[in-house]
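Below are the chains, spelled out letter by letter.
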Amino acid sequence: DQQVKQNSPSLSVQEGRISILNCDYTNSMFDYFLWYKKYPAEGPTFLISISSIKDKNEDGRFTVFLNKSAKHLSLHIVPSQPGDSAVYFCAASGNFGNEKLTFGTGTRLTIIP
Amino acid sequence: DAGITQSPRHKVTETGTPVTLRCHQTENHRYMYWYRQDPGHGLRLIHYSYGVKDTDKGEVSDGYSVSRSKTEDFLLTLESATSSQTSVYFCATGVRTEAFFGQGTRLTVV
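Residues numbered from 1 in each chain as written. Chains lettered and ligands numbered in written order. Predicted model: local features only at pLDDT ≥ 70, side-chain atom pairs only at ≥ 80, totals over all residues. Heavy atoms only, no water.

Turning our eyes to something else, we now look at the sheet that holds strand S3 (residues 19-25) of chain B. Residue and element names in this part refer to chain B. Spatially, S1-S3-S8-S7 is the arrangement adopted by the 4 strands of the open sheet, whose pairing is antiparallel. Here the strands that pair on one side only, and so sit at the sheet edges, are strand S1 (4-7) and strand S7 (64-70). Neighbour to neighbour, the strand axes of the sheet diverge by 20 degrees on average, direction disregarded. (Pairing = 2+ DSSP bridges. Helix = DSSP H or I, 4+ residues; strand = E, 2+ residues; numbered from the N terminus. Axes fitted to C-alpha atoms, helices over the stretch in contact; angles between N-to-C directions.)

So, on to the sheet that holds strand S1 (residues 4-5) of chain A. Residue and element names in this part refer to chain A. With antiparallel pairing, the 5 strands of this open sheet are ordered in space as S1-S3-S8-S7-S6. On the outer flanks of this sheet lie S1 and strand S6 (56-59), each paired with one strand and no other. Summarising the sheet, strand S7 (residues 62-67) and strand S8 (residues 72-77) pair through 6 bridges and their orientation is antiparallel. Looking across to S8, one finds that Leu66 is bridged to Leu73.

Following Val78 of chain A, the chain continues into Pro79 of chain A via a peptide bond in cis, with omega recorded as -15 degrees. Within the secondary structure, Pro79 of chain A is located in the loop between S8 and strand S9 (86-94). Cis peptide bonds are those with omega within 30 degrees of zero, and the linkage from Ser7 of chain B to Pro8 of chain B qualifies with -10 degrees. For Pro8 of chain B, the location among the structural elements is in the loop between S1 and strand S2 (10-13). Phi is positive for Ala41 of chain A, which is not a glycine, with a value near 65 degrees. Considering the arrangement of structural elements, one finds Ala41 of chain A in the loop between strand S4 (30-38) and strand S5 (45-51). Judged by its relative accessible area of 64%, Ala41 of chain A falls in the exposed class. For Lys71 of chain A, which is not glycine, the phi torsion reads 50 degrees and is therefore positive. Structurally, Lys71 of chain A can be placed in the loop between S7 and S8. Judged by its relative accessible area of 26%, Lys71 of chain A is partly exposed. (Buried < 20%, exposed > 50% of the residue type's maximum accessible area, 1.4 Å probe, protein only.)

For the structure shown, the criterion picks out 16 aromatic pairs over all chains. With 5.4 Å between their ring centres and 80 degrees between their planes, Tyr36 of chain A and Phe101 of chain B make a pair best called edge-to-face. A residue pair is termed interchain when its members come from two chains, as with Tyr36 of chain A in strand S4 and Phe101 of chain B in strand S10 (residues 98-101). The buried category is assigned to Tyr36 of chain A, whose relative accessible area is 0%. Judged by relative accessible area, Phe101 of chain B falls into the buried class, the value being 11%. For the ring pair Phe89 of chain A and Phe103 of chain A, a centre distance of 6.5 Å and an interplane angle of 85 degrees mean the geometry is edge-to-face. Remark: Phe103 of chain A occurs in strand S10 (residues 102-103) and Phe89 of chain A occurs in strand S9; sequence separation between them is 14 residues. Note on Phe103 of chain A: relative accessible area 2%, which makes it buried. Following the ring pairs from residue to residue traces out a cluster consisting of Tyr36, Phe46, Phe89 and Phe103 of chain A together with Tyr31, Tyr33, Tyr35, Tyr48, Tyr50, Phe90 and Phe101 of chain B. (Phe/Tyr/Trp six-rings, centres within 6.5 Å; stacked < 30°, edge-to-face > 60°.)

Rendered as structure tokens:
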């Protein structure tokens, strides 16, 4: 039962354009969402997060949008740069009495120079 | 950088042998986690710990055990390694709103 889904395994975007990565979730009790970026042979690193009380959070070139009614979030990267080429994981958590994160399957983003 | 060190970074082992992976943190975080990363599955939680000697199962705990005798160390043991446990293993610390990952251990079971 995949509670967090990233339906696009891969995405290619021209340098300078916008990259949009999508994530869907099924558990309505999730109230916090995070995006992680992973380069080969390295551990995932935190990128940006959003609480369910917000619908948008912005940090430089990265913006996360949350649509609670659709149980959908997206990560926008503008403008895309070659260094953004990586695997992106979305993750979700809820106030369940533990601190577990549930991850999606990841999307490999390739920025084309 | 949350000061998370995993050892070893790479290991090749034979089917049926026991294997222990170590995670060491310097941040005094209460929560620690072990994940495995596999193509098409993303990051899946194996076990986690919410304090010294306090552990619980994740979604893929079969064949794995953990121990946490000190705040800074979290050990993952494969009692009898199988080929299906070939994977990249990540340790993490922190809480649900801010988790930090180690660099990973690539384990190959032959």
